[in-house]
Every structure is written in C-alpha cells, then in structure tokens.
Amino acid sequence: MVVTNVEEYQAIAKEKLPKNAYDYYASGAEDQWTLAENRNAFSRILFRPRILIDVSKIDMTTTVLGYKLSMPIMIAPTAFQKMAHPEGEYATARAASAAGTIMVDFLTTLSSWATSSVEEVASTGPGIRFFQLYVYKDRNVVAQLVRRAERAGFKAIALTVDTPRLGRREADIKNRFTLPPNLTLKNFEGLDLGKMDEANDSGLASYVAGQIDRTLSWKDVKWLQTITSMPILVKGVITAEDTRLAIQAGAAGIIVSNHGARQLDYVPATIMALEEVVKAAQGRVPVFLDGGVRRGTDVFKALALGAAGIFIGRPVVFSLAAEGEAGVRNVLQMLREEFELTMALSGCTNIKQITREHIVTEWDAPRTRPAPRL
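The structure contained in this document is the topic of the report that follows. (Residues numbered from 1 in each chain as written. Predicted model: local features only at pLDDT ≥ 70, side-chain atom pairs only at ≥ 80, totals over all residues. Heavy atoms only, no water.)

Another point: the overall build of the protein. Counting secondary structure elements, the protein contains 14 helices and 12 strands. Partitioning the intrachain contacts of the protein with sequence separation of at least 6 by distance along the chain shows that 73% fall at a separation of at least 24. Total accessible area on the protein is roughly 16,300 Å²; 52% of this is exposed by carbon and sulfur atoms. (Helix = DSSP H or I, 4+ residues; strand = E, 2+ residues; numbered from the N terminus. Contact = heavy atoms within 4.5 Å. Areas by Shrake-Rupley, 256 points an atom, 1.4 Å probe, with all protein chains shown as cover.)

What follows covers the environment of K19. In this fold, K19 is placed in helix 2 (residues 19–26). Residue K19 is classed as exposed on the basis of its relative accessible area, which comes to 58%. Sequence-wise, K19 and N175 are 156 residues apart; in three dimensions their C-alpha atoms are separated by 8.2 Å. (Buried < 20%, exposed > 50% of the residue type's maximum accessible area, 1.4 Å probe, protein only.)

With that out of the way, let us pick up the packing of aromatic side chains. For any pair of aromatic rings, the description consists of the separation of the ring centres together with the inter-plane angle of the planes. Under the counting rule described, the total for this entry stands at 9 aromatic pairs. Ring plane angle 70° and centroid distance 6.3 Å describe the contact between F131 and F154, whose orientation is recorded as edge-to-face. In this pair, F131 is assigned in strand 6 (residues 128–133) and F154 in the loop between helix 6 (139–151) and strand 7 (156–160), connecting sequence segments 23 residues apart. The same class applies to F131 and to F154, which are both buried. Here R139 stacks its cationic end above the ring of W223, 5.7 Å away from the centre of that ring. (Phe/Tyr/Trp six-rings, centres within 6.5 Å; stacked < 30°, edge-to-face > 60°. Lys NZ or Arg CZ within 6 Å of the ring centre and 35° of its normal.)

Our next topic: the nonpolar core. Grouped together as the largest cluster of nonpolar side chains are 75 residues, with contacts concentrated most on Y25, I271, L274, F339, M343 and I354. Sorting elements by how many residues they give to this core places helix 14 (residues 325–346) first, with 8 residues. Those residues in contact with Y25 that lie beyond four places of it in its chain are L17, A79, F80, Q81, M83, A84, R262, R314, V317 and F318. Grouped together as the second largest cluster of nonpolar side chains are 20 residues, F131, L159, I212 and L224 included. (Core = buried A, V, L, I, M, F, W, Y, C linked by side-chain atoms within 4.5 Å.)

What follows concerns unusual backbone geometry. The phi angle at Q32 is positive, at roughly 65°, despite the residue not being glycine. By the secondary structure assignment, Q32 is in the loop between helix 2 and helix 3 (33–43).

Turning to the environment of V317, a few remarks are in order. Topologically, V317 is positioned in helix 13 (residues 314–323). Sequence separation between V317 and Q81 is 236 residues, and the spatial gap between their C-alpha atoms is 6.6 Å. When near neighbours in sequence (up to four residues on either side) are disregarded, V317 contacts Y25, T78, Q81 and A84.

Take the pairing of strand 7 next. Strand 7 sits mainly inside the fold: 5 of its 5 residues count as buried. Neither face of strand 7 is left uncovered, since the one carrying A156, A158 and T160 and the one carrying I157 and L159 both have all their residues buried. As paired strands, strand 7 and strand 8 (residues 232–237) are joined by 4 bridges and run parallel to one another. By the bridge assignment for strand 8, A158 is matched with L233. (Pairing = 2+ DSSP bridges.)

What follows is the structure in structure tokens.
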C-alpha cells in the first residue's frame, strides 16, 4: 500500500497494534467531542490565495528560541513510544534529525513519560531537543529530572500545566490500561515513585493521580526558573487570561494545547483558541500550536493565525507503529511537501509572507462588497 497522506497511517496502526495500545494513543476524554473538533475546526477555515506571484523558490525556514528550523513543523511529546515500535523514541529522534527541522537540523520534544531516558535519546546523535516536564509532588524529583535534561544537552523545557488530574479516558478505563511488562518509565528509574498497577480504573490514571502535584500554580513556574537556565514553554494554554499570566510568570513561549483532547472535553479546538492567545501575547513571546494537524494546509492556517510553529503527536506514533523510523520520516516529508505546496498556491515565498489576509474564518466580519449597479 502506498501511503499518500498522514491520516492513512492511523488505519494501519489500528491493524498492527494491540487494542489497548491503539486505544491509548487514539482516544480522547469522555464524549471525545474535542478530539473530533481538533480536526474538524481546520476544515472551517478557508484560503484566500493570491495569484501571479513568482513562487519558483519557496523558503520554509524559521527560528524557534533562536534555533534555525528548516520548517515550522516539530514533534510533540508523546508517551510510551515503545508500545508503538521496539525502537520507540530512538527511531523518532533519528527521523526528526533526518528531516532537518532545527539546529542545524533537528528538534524533538522528549516526554517525562518516555520509555527511553533523556540520556538514551541524546545518544542517538546531535540535535536540539526540548524536555517535556510534569511537576511532581516531590520537588527534588523535578530538580533531578531537570538537571539530567541539562546534562544530556536539552535546550528548553515544555512545562505541561493542564494535568492536575488525568482526564477521564474511557477507552483506557475499559481496557484497564497498564504499560506492557517489558516497558518501564526510563526517566524515573532510580527514583522512588511507586509502580503502575491496574487499581480501580486504569493503571495510568491511578499512577498519575499518585505523582502529579495538584497544588501546581504560577509560583511554581517562577520556582522552576530558579533551578534551570533553560527557557520554559508553558504547554496547555487556551485562553487570553492564562496567556497574560504565563508571560508575567516568565514563560519564554506558549504552546496552545488541549492535551490532544485527552483532558477536559468540550473545550475549543486549539486552532479555534489560537488567535485569542496570539492577540493576548502581543508579540512578547512566541506562540505554538498542537492538536489536530494532519495536513500541510493545517500548518499554513496555524501560521496565518499567528502561530510561530506547530507540533504533531498522534501522526508520529501511528506512523511509528506502521513503519518505524521510515514512517515518521515519511510523515514529516509529506507535511513538508504539502506545506510548501500550500505556500506556493497562496502566493507566499517565505514564512513571513503568511498573513491573516490569506485565510477567512467563520468568526470574521463579512467583507464589504461594492453595491451592484442598477
């Protein structure tokens, strides 16, 4: 089978993965309305392409926190990648490096819930990597994880702030999801954090409930800055109010995210929340987006609404399950080619030329038209 678009990998992954693993990756919270809306909302944004512009050369390069990327498409933190493929995070890291997205050529985000450690992923080769961090009850554990990330050469922290409690993921409850016995949370080895078991609903829910600090507040964002020099991106912002608070707390950037629709259901799709956040940020920090991106056209729409770049999550684990490293490489290449084509057909030859005028949304005021002659 020739895979011609990113979405096709999900069907392949569903056939190859055990049900509990596929459901863990694919499902959202409760009624899964936001899960569908993350995708559907993109379809309600239309293009206003410009024509008769020389698009023989397209430049997709951009910068993130001072690092040059070949395209504004990055890999989001996704947990338990070795459930998808034996090489897990290693394969993803190599694929991202080959795609040439930062530092000279590579950027990936490593999750605290990785099945490979920060040191192991760093050993896959050169590149700029970010570390996704959850704040645990024991701040000493947090400090240890941050120091390990720094020693391993990670350049920024993506602080996840939308998970004081785990969302109700009914597929995981039905499956009584637990990590396969051959896999462990490598970043926690040597730390006394207990173990994951089936408990009363899903092992994951019970485990997280026992570790994540529900008292997490904006003061902890400031505290984190006292123990690291790495810039901090606040991940999980979808309102103007929290955007302003994040900037006041010293965030170096914001990731508009609803956690892949896995936390609170019936929140807006991230693409619908993006412009509100961008306007509140007022250019003081870069704003990124994750959630629902499956086409290069989606990337363009996010940039037109003010995003500095986007992150993809599920397409990575689905393609990883389907074809390993080659699948992830193909996803990044397909998105790159689609994004380049969208730029060309919209009359944009570089990232800075993508503007709000290139799209029309359902919340835009009607454009004035000249009255017809009688």
